[in-house]
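Residue strings, one per chain:
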Amino acid sequence: MKTIVVASGKGGAGKTSFAASLMAWLHGQGIQAVAADADVDAANLGLALKAGVPVERRTYLAGDAREVRAEACTGCGSCAAACRFDAISLAAGVARIDPFSCERCGACADVCPNGAVRSVPAHAGELLRSPVAYGEALAHGELVPGEDASGKLVRQVRESAARIAGPAGLVVVDAPPGIGCPAMAAISGADLLVVLMEAGASGIRDAARLLDNAAIAKVPAVAVLNKAGLSPERDREARDLARDRALDVLGRIPFDAAFRRAAERGGTWLDSGSPGPVEAVSEACAAVAARAGLVPAISAAGATPERTLP
Ligand code: SF4
Ligand code: SF4
């Protein structure tokens, strides 16, 4: 199985739109991939892929919720005194933990003289499988409000996608933004990382941090520059980063308001109807597919790595 991860060092750089466009481009080439929406905090890859009603739902359990065993509790109140979040109340001589106030710090368990506080798995969300217009399926997650996105959930979304794809399949992952644990869980073990670089100082800096992490995880990385051509200065910064990191920039996607309108309609960048920019997106997708060994480089327009941006 092959895994291509699309990521960016920050949100709003266009990674979800590019991941959806890559799925649609592959679909157009007769290559059916499974999409994994690992951006579980803001999962919206399904909108662009025109996802249908989920056909599979599984409970996602996160550990470390706390619960009082009433039969062991003497009502001494030590746990309530130790709780800095006022999550514990005493009723009828027994402590009770409010799950919405509990921050799972574990102090109550530490101070309880009777071992009455235990750690239990909490229902933190659901793992879903949905049909999509472009590709084989979408594996995604839904968090219960207030639950943190975690590397564990991201791993489970990836595992679900891998199971659907099978040993000979292809998974395209839309990674969470940033460089934290969930982002690393999305990247680790991938065959190719596509870094969506948004032209501009912060976009370039965030991309550099992501590349540092990719190097630690030993994942080969390429880049696609989004909102290219808005200013020579911004393009120069991207060119400098690519040169400094020996990074192949496989696509240069211009800013186009039609992309945003396509996203608002629930489509990919390829649905924008804007010929020049659509061609740029297609070329970037072809180049990424060629780099991943999915199509011959010779038939993929723009497959030649472009380290020197114009
Ligand atoms: S785990 Fe921490 S926050 Fe939760 S009830 Fe115990 S002391 Fe309070
Ligand atoms: S510290 Fe233990 S025994 Fe005391 S009230 Fe809390 S749970 Fe009950």
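Residues numbered from 1 in each chain as written. Chains lettered and ligands numbered in written order. Predicted model: local features only at pLDDT ≥ 70, side-chain atom pairs only at ≥ 80, totals over all residues. Heavy atoms only, no water.

Trainee: Hey, could you go over the overall build of the protein chain for me, with residue numbers and the actual values?
Mentor: The number of helices and strands found in the protein chain is 10 helices and 11 strands. Across its three principal axes, the protein chain shows a C-alpha extent of roughly 75 × 40 × 35 Å. A burial count over the protein chain gives 51% of its 310 residues as buried. Sequence separation of 24 or more characterises 76% of the internal contacts of the protein chain that already satisfy a separation of 6 or more. Of the accessible surface of the protein chain, which amounts to about 13,800 Å², a share of 52% is contributed by carbon and sulfur atoms. Charge-centre separation for the protein chain: the mean point of 32 positive side chains lies 2 Å from the mean point of 34 negative side chains. (Helix = DSSP H or I, 4+ residues; strand = E, 2+ residues; numbered from the N terminus. Buried < 20%, exposed > 50% of the residue type's maximum accessible area, 1.4 Å probe, protein only. Contact = heavy atoms within 4.5 Å. Areas by Shrake-Rupley, 256 points an atom, 1.4 Å probe, with all protein chains shown as cover. Lys, Arg positive; Asp, Glu negative; His and termini not counted. Charge placed at Lys NZ, Arg CZ, Asp CG, Glu CD.)

Trainee: Hey, could you go over the environment of R205 for me, with residue numbers and the actual values?
Mentor: Following the sequence through the fold, R205 ends up in helix α7 (residues 201–216). When the C-alpha atoms of R205 and E237 are compared, they prove to be 9.4 Å apart, with 32 residues separating the residues in sequence.

Trainee: Give me the site of ligand 2: which residues, what numbers.
Mentor: Taken together, 13 residues lie around ligand 2, and C73, C76, G77, C79 and C112 are the ones closest in. Taken together, the residues of the shell around ligand 2 sort by class into eight nonpolar, five polar and no charged. (Near = heavy atom within 4 Å. Nonpolar A, V, L, I, M, F, W, Y, C, P; charged D, E, K, R; others polar.)

Trainee: Tell me about the packing of aromatic side chains, and name the residues and values.
Mentor: Aromatic ring pairs are defined here through the distance separating the ring centres and the angle between the ring planes. Taken as a whole and assessed by the stated rule, the structure comprises one aromatic pair. With 4.9 Å between their ring centres and 25° between their planes, F259 and W269 make a pair best called stacked. Taken as a pair, F259 in helix α9 (residues 257–265) and W269 in the loop between α9 and α10 (275–291) lie far apart in primary sequence, 10 residues in all. A residue is classified by how much of its surface remains accessible, and F259, at 5% relative accessible area, is buried. (Phe/Tyr/Trp six-rings, centres within 6.5 Å; stacked < 30°, edge-to-face > 60°.)

Trainee: I'd like a description of the pairing of strand β4 (residues 88–91), backed by residues and values.
Mentor: Pairing analysis gives four bridges linking β4 to strand β5 (residues 94–97), with the strands arranged antiparallel. The residue of β5 that forms the bridge with I88 is I97. Between β4 and the antiparallel strand that follows it, β5, lie two residues; A92 among them carries a positive phi value of about 55°. (Pairing = 2+ DSSP bridges.)

Trainee: Tell me what's going on with the side chain of S160, and back it up with residues and numbers.
Mentor: Position of S160 among the secondary structure elements: in helix α5 (residues 151–165). Residue class for S160 comes out buried when judged on its relative accessible area of 5%. For S160, the residues in contact, after removing those within four places along its chain, are R58, L127 and A139.

Trainee: Explain the nonpolar core to me, using residue names and the numbers behind them.
Mentor: Within the largest apolar cluster, 44 residues are counted, with the highest numbers of intra-cluster contacts made by V5, L193 and M197. Setting aside residues no more than four positions away along its own chain, V5 makes contact with V173, A175, A186, I187, A190, L192, L193 and V194. Core analysis: the second largest hydrophobic core is formed by 40 residues, M23, V224, W269 and A292 among them. (Core = buried A, V, L, I, M, F, W, Y, C linked by side-chain atoms within 4.5 Å.)

Trainee: An account of the pairing of strand β6 (residues 117–130) is needed here, citing residue identities and associated values.
Mentor: Two faces make up the sheet, and in a regular strand the side chains alternate between them. Here β6 runs beside strand β7 (residues 137–143); their pairing, made up of six bridges, is antiparallel. Among the inter-strand pairings, E126 is bridged to a residue of β7, identified as E142. With antiparallel pairing between neighbouring strands as the criterion, β6 and β7 make up a hairpin whose turn holds six residues, including G135 at a positive phi of roughly 120°.

Trainee: Let's hear about α9: which residues, and what values?
Mentor: Buried within α9 we find A258, F259 and A262. When α9 is viewed along its axis, its buried side chains cluster within an angular range of 105° and face the same direction. Among the exposed residues of α9, those pointing more than 90 degrees away from its buried face are R260 and E264. Check the buried side of α9 and you find it contacts β11 (249–254) and α10. Among the residues of α9, the N-terminal cap falls to D256, whose side-chain oxygen and the backbone nitrogen of A258 are separated by 2.7 Å. Immediately beyond the C-terminal end of α9, within one or two residues, lies G266, with a positive phi of roughly 85°. (Arc of directions from axis to C-beta. Polar contact = N/O pair within 3.5 Å; in protein donor to acceptor, adjacent residues only side chain to side chain.)

Any functional reading would require information that these geometric values do not contain.
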